[in-house]
Amino acid sequence: MSHLPFFIKGEVVKGFGRGSKDLGCPTANFSREVIKCLPKDFKSGVYCGWAQVDSQPVYKMVVNIGWCPVYQNEDMSVETHIIHEFESDFYGSTLKICITEYLRPEMNFTSLDGLIQQISLDINNANKKLALPEFVKLKSHEFFSNDNN
């Protein structure tokens with residue numbers, strides 16, 4: 001993955017509302033303008049890395065980049081699940097993510113239960129990957145401390 005690590009910054013916008021309601025996995029979504037900034041050859045799939053909301057601490061995250069085959073999206077989306085319990089929604093906040101590692105391709109599932117199980121596995125895999133020294137160092141990358149990025 002020649003694009004990694006890859007850094008994205010943008011405002012959190014309302015998504016489809018499926019992450020929390022259907023999957024028990026809230027996500028933060030970027031606008032279409034931000035998504036259009038991805039390299040044309042960026043591979044769709046599930047990635048892990050680091051995320052920061054406004055000037056809060058940096059947390060582990062998993063992000064799905066693509067069309068979410070279960071829901072048959074027509075437009076590409078970038079849906080970030082931050083591995084942290086937030087007290088409230090943060091629409092309108094600035095989200096910065098550092099994508100560090102490709103976990104798997106997008107997949108279709110015959111049931112929401114299958115997708116929920118895979119999301120849990122993705123989170124476990126992200127936790128393991130992000131504990132590796134080469135990824136831990138990216139948590140303190142200047143991207144997260146510099147407001148000019």
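Note that this is a predicted model, so its numbers are computed, not measured.

### Some details on helix H3 (residues 112-129)
So, point 1. Spanning 18 residues, H3 covers 25 Å between terminal C-alpha atoms, matching the ideal 26 Å at 1.5 Å per step.
So, point 2. For H3, the full list of buried residues reads Leu115, Gln118, Ile119, Asp122, Ile123 and Ala126. Taken around the axis of H3, the buried residues stretch over an arc of 145 degrees, which confines them to a single face. Away from its buried face by more than 90 degrees, H3 exposes Asp113, Gln117 and Lys128.

### Considerations on unusual backbone geometry
So, point 1. A cis amide bond links Leu4 to the next residue, Pro5, at an omega of -5 degrees.
So, point 2. Tracing the sequence through the fold places Pro5 in the segment before strand E1 (6-13).
So, point 3. Its identity as a non-glycine residue notwithstanding, Asp54 has a phi of 50 degrees, on the positive side.
So, point 4. Examined against the element boundaries, Asp54 turns out to sit in the loop between strand E3 (45-53) and strand E4 (58-66).
So, point 5. Classification of Asp54 by relative accessible area gives partly exposed; the value is 40%.

### Describing the packing of aromatic side chains
So, point 1. Summed over all chains, the structure comprises seven aromatic pairs.
So, point 2. Between Tyr59 and Phe86 the ring centres are 6.0 Å apart and the planes differ by 85 degrees, which places this aromatic pair in the edge-to-face class. In this pair, Tyr59 sits in strand E4 while Phe86 sits in the loop between strand E5 (77-82) and strand E6 (94-104), placing the two residues 27 residues apart along the sequence.
So, point 3. Each ring, one from Phe86 and one from Phe90, has its centre 4.9 Å from the other, and the planes form 55 degrees; the classification is tilted.
So, point 4. Its relative accessible area of 22% is what places Phe86 among the partly exposed residues.
So, point 5. A connected cluster of aromatic rings, assembled from ring pairs, spans Phe6, Phe42, Tyr47 and Tyr102.
So, point 6. Above the ring of Phe143, the side-chain terminus of Lys96 is found at 5.4 Å from the ring centroid.

### What about the sheet that holds strand E2 (residues 28-30)?
The pairing of strands in a sheet happens through backbone hydrogen bonds and is either parallel or antiparallel.
So, point 1. On the basis of which strands lie adjacent, the closed barrel formed by six strands has the order E1-E2-E5-E4-E3-E6 and antiparallel pairing. Within this sheet the neighbouring strands show an average axis-to-axis angle of 40 degrees, counted without direction.
So, point 2. Bridge analysis of E1 against E2 gives two bridges, and the strand direction is antiparallel. When the sheet's bridge partners are listed, Val12 is paired in E2 with Phe30.
So, point 3. Strand contacts of H3: E3, E4, E5 and E6, with the helix running at about 95 degrees to E6, the strand carrying the most contacts.

### A closer look at the nonpolar core
So, point 1. With 24 residues, the main nonpolar core has Leu95, Ile97 and Ile99 as its most contacted residues.
So, point 2. Counting only elements with at least two residues in this core, the list comes to E1, E2, helix H2 (32-35), E3, E4, E5 and E6.
So, point 3. Apart from residues lying up to four places away in sequence, Ile99 is in contact with Leu4, Pro5, Phe6, Ile8, Phe42, Tyr47, Cys48, Met61, Val63 and Ile65.
So, point 4. Core analysis: the next-biggest nonpolar cluster, separate from the first, contains 16 residues, Cys25, Ile119, Leu138 and Phe144 among them.

### Comments concerning the side chain of Glu106
So, point 1. Within the secondary structure, Glu106 sits in the loop between E6 and H3.
So, point 2. One buried charge, Glu106, has no salt-bridge partner; the nearest side chain with opposite charge is Arg104, at 7.3 Å.
So, point 3. A distance of 3.0 Å separates a polar atom in the side chain of Glu106 from a polar atom in the side chain of Asn64.

Scoring rules and cut-offs
- Residues numbered from 1 in each chain as written.
- Predicted model: local features only at pLDDT ≥ 70, side-chain atom pairs only at ≥ 80, totals over all residues.
- Heavy atoms only, no water.
- Helix = DSSP H or I, 4+ residues; strand = E, 2+ residues; numbered from the N terminus.
- Expected span 1.5 Å × (residues − 1).
- Buried < 20%, exposed > 50% of the residue type's maximum accessible area, 1.4 Å probe, protein only.
- Arc of directions from axis to C-beta.
- Phe/Tyr/Trp six-rings, centres within 6.5 Å; stacked < 30°, edge-to-face > 60°.
- Lys NZ or Arg CZ within 6 Å of the ring centre and 35° of its normal.
- Pairing = 2+ DSSP bridges.
- Axes fitted to C-alpha atoms, helices over the stretch in contact; angles between N-to-C directions.
- Contact = heavy atoms within 4.5 Å.
- Core = buried A, V, L, I, M, F, W, Y, C linked by side-chain atoms within 4.5 Å.
- Lys, Arg positive; Asp, Glu negative; His and termini not counted.
- Salt bridge = Lys/Arg side-chain N within 4 Å of Asp/Glu carboxyl O.
- Polar contact = N/O pair within 3.5 Å; in protein donor to acceptor, adjacent residues only side chain to side chain.

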